[in-house]
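A structural walkthrough
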Amino acid sequence: MLYAKPPLTFDQQADLLIQRGMTGDRDLMIARLSVVNYYRLSGYWHPFKDGPTDTFRPGTSFDTVWSRYVFDRRLRLLMIDAIERIEVAVRARLAYEHAHAFGSFGYVSDPSSLPKLRADERSKFLVTVAEEASRSREIFVRHFFSKYGDSHTCLPVWEATEIMAFGTLLTFYTGSPHAIKKVVAAEFGMPWGVFRSWLLTLNTIRNTCAHHGRLWNRVLGVKPLMPDAANYPDWHQPVRIGNDKMFGVLTICHHCLRQVAPQSAWPRRFSALLCDFPVVPVASMGFPTRWQESPLWK
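None of these values were measured; they are calculated from a predicted model.

Thoughts on the layout of surface pockets
Counted as a void, the largest pocket has a volume near 420 Å³. Along the wall of the largest pocket there are 18 residues; nearest its centre are Lys5, Leu8, Leu16, Tyr38 and Tyr39. With 4 residues, helix α3 (residues 38-45) is the single largest residue contributor to the lining of the largest pocket. Partitioned by chemical class, the residues of the lining of the largest pocket number 10 nonpolar, 4 polar and 4 charged.

Brief notes about the packing of helix α4 (residues 62-102) against helix α12 (residues 246-260)
Two elements in contact, α4 and α12, have axes whose closest approach is 10 Å; the angle formed by their N-to-C orientations is 45°. Viewed along their axes, α4 and α12 adopt a mutual orientation that is oblique. Viewed along their axes, α4 and α12 form a crossing whose handedness is left-handed. Listed contacts from α12 to Leu75, Met79, Ala82, Arg85, Ile86 and Ala89 of α4 are Met246, Val249, Leu250, Cys253, Cys256, Leu257 and Val260. Tallied by class, residues from the contact of α4 with α12 come to 12 nonpolar, no polar and 1 charged.

Regarding helix α6 (residues 119-135)
Its 17 residues place the ends of α6 25 Å apart at the C-alpha level, agreeing with the 24 Å of an ideal helix rising 1.5 Å per residue. Buried residues of α6: Arg122, Phe125, Leu126, Val129, Glu132 and Ala133, and no others. End-on view of α6: buried residues confined to an arc of 125°, all on one side of the axis. Exposed residues on α6 whose side chains face more than 90 degrees from its buried face are Lys124, Ser134 and Arg135. Those residues of α6 that are buried lie in contact with α5 (106-109), α7 (139-148), α8 (157-163) and α9 (166-175).

Details of the packing of α12 against helix α13 (residues 266-276)
The interhelical angle for the contact between α12 and α13, taken along N-to-C directions, is 150°, at an axis separation of 10 Å. One way to sum up the angle between α12 and α13 is to call them roughly antiparallel. On α13, the residues that touch Leu250, Cys253, His254 and Leu257 of α12 are Trp266, Pro267 and Phe270.

Quick notes on the nonpolar core
Met79, Tyr107, Phe195, Leu250 and Phe270 are the most contacted members of the largest nonpolar core, which totals 89 residues. In terms of residue count, α4 provides more of this core than any other element does, 16 residues in total. Setting aside its immediate chain neighbours within four residues, Met79 contacts Ile205, Cys209, Leu215, Met246, Val249, Leu250 and Cys253.

Thoughts on the environment of Gln12
Examined against the element boundaries, Gln12 turns out to sit in helix α1 (residues 10-19). Between the alpha carbons of Gln12 and Ile30 there is a distance of 8.8 Å; along the sequence they are 18 residues apart.

Describing the pattern of salt bridges
Evaluated as defined, the whole model comprises 16 salt bridges. Asp81 is the salt-bridge partner of Arg85, the closest N and O atoms lying 3.3 Å from each other. Placement of both Arg85 and Asp81 in helix α4 is noted, with a separation of 4 residues, approximately one turn of the helix. Arg85 gets classed as partly exposed once you look at its relative accessible area, which sits at 31%. In this structure Asp81 comes out as buried when scored by relative accessible area, which is 14%. Overlapping salt bridges, with partners in common, bring together Asp11, Asp15 and Arg26 in one network.

Cut-offs applied
- Residues numbered from 1 in each chain as written.
- Predicted model: local features only at pLDDT ≥ 70, side-chain atom pairs only at ≥ 80, totals over all residues.
- Heavy atoms only, no water.
- 1 Å grid on protein atoms, 1.4 Å probe; cavity = no way out; pocket = protein on both sides within 12 Å on 5 of 7 lines; lining within 4 Å.
- Points joined across faces, edges and corners; volume = space filled by probe spheres on them.
- Helix = DSSP H or I, 4+ residues; strand = E, 2+ residues; numbered from the N terminus.
- Nonpolar A, V, L, I, M, F, W, Y, C, P; charged D, E, K, R; others polar.
- Axes fitted to C-alpha atoms, helices over the stretch in contact; angles between N-to-C directions.
- Parallel < 35°, antiparallel > 145°, perpendicular 65-115°, else oblique.
- Left-handed = near helix turned anticlockwise from the far one by under 90°.
- Contact = heavy atoms within 4.5 Å.
- Expected span 1.5 Å × (residues − 1).
- Buried < 20%, exposed > 50% of the residue type's maximum accessible area, 1.4 Å probe, protein only.
- Arc of directions from axis to C-beta.
- Core = buried A, V, L, I, M, F, W, Y, C linked by side-chain atoms within 4.5 Å.
- Salt bridge = Lys/Arg side-chain N within 4 Å of Asp/Glu carboxyl O.

See below:
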């Protein structure tokens, strides 16, 4: 089937929304559609659609849709802040443990330093790290190679971890010896397998935020593991922390920040966000009723 829809002007886009039953100031709708793409906003008005049709339920207003978009934008900024703190802490501890176990360049010279990677995986990892170092414009990278480049073709591990992409860092963590993974995860109060799954999810959320994607009612494609009820009852009673929507990810971030950045104002900023947008339905984010009663959020 050929796609035959013509492009619409901003005026026509606003008129189409009004024609389908959305209320609001037409001039304001045009102004906002001119700076936020129609199809970016469509993810926020989709829940107001009337069944399988393109019409909106009675009472659907553009202001309500816009409010959810603004809420989501602020939520992304909070998530980026939390993930940055967690990621930086992982980089620091992983580099520290690896360096003290295998030396400055053991990750390159000693295959036993990455026992969980096959030979081809390790080779691919080292090529990726070298490429990331060559693309880096960090002053410390240029300084190292200008001073030590006659003897070394790779960065010491504490510098290499700082220029790795998050995905590369995940490979480094996954490939490291079990003892090192346990120590890093213990910094966050979790078993390493659970913590690794958290990092995979946070990497996905980080990429979504980087591309300004919608978080508010997203169903997670990469779901984090939750710690078991026997050893971590607070994750299950009196409130079960789900792993399919943003509430689970927010709880993970809240928990991790309490471990590595207890002085952070992030929890207060998150509470302020909910207070600023009281009509945004947090149930769409996976928030259970009485979620504040969870010991993890008290």
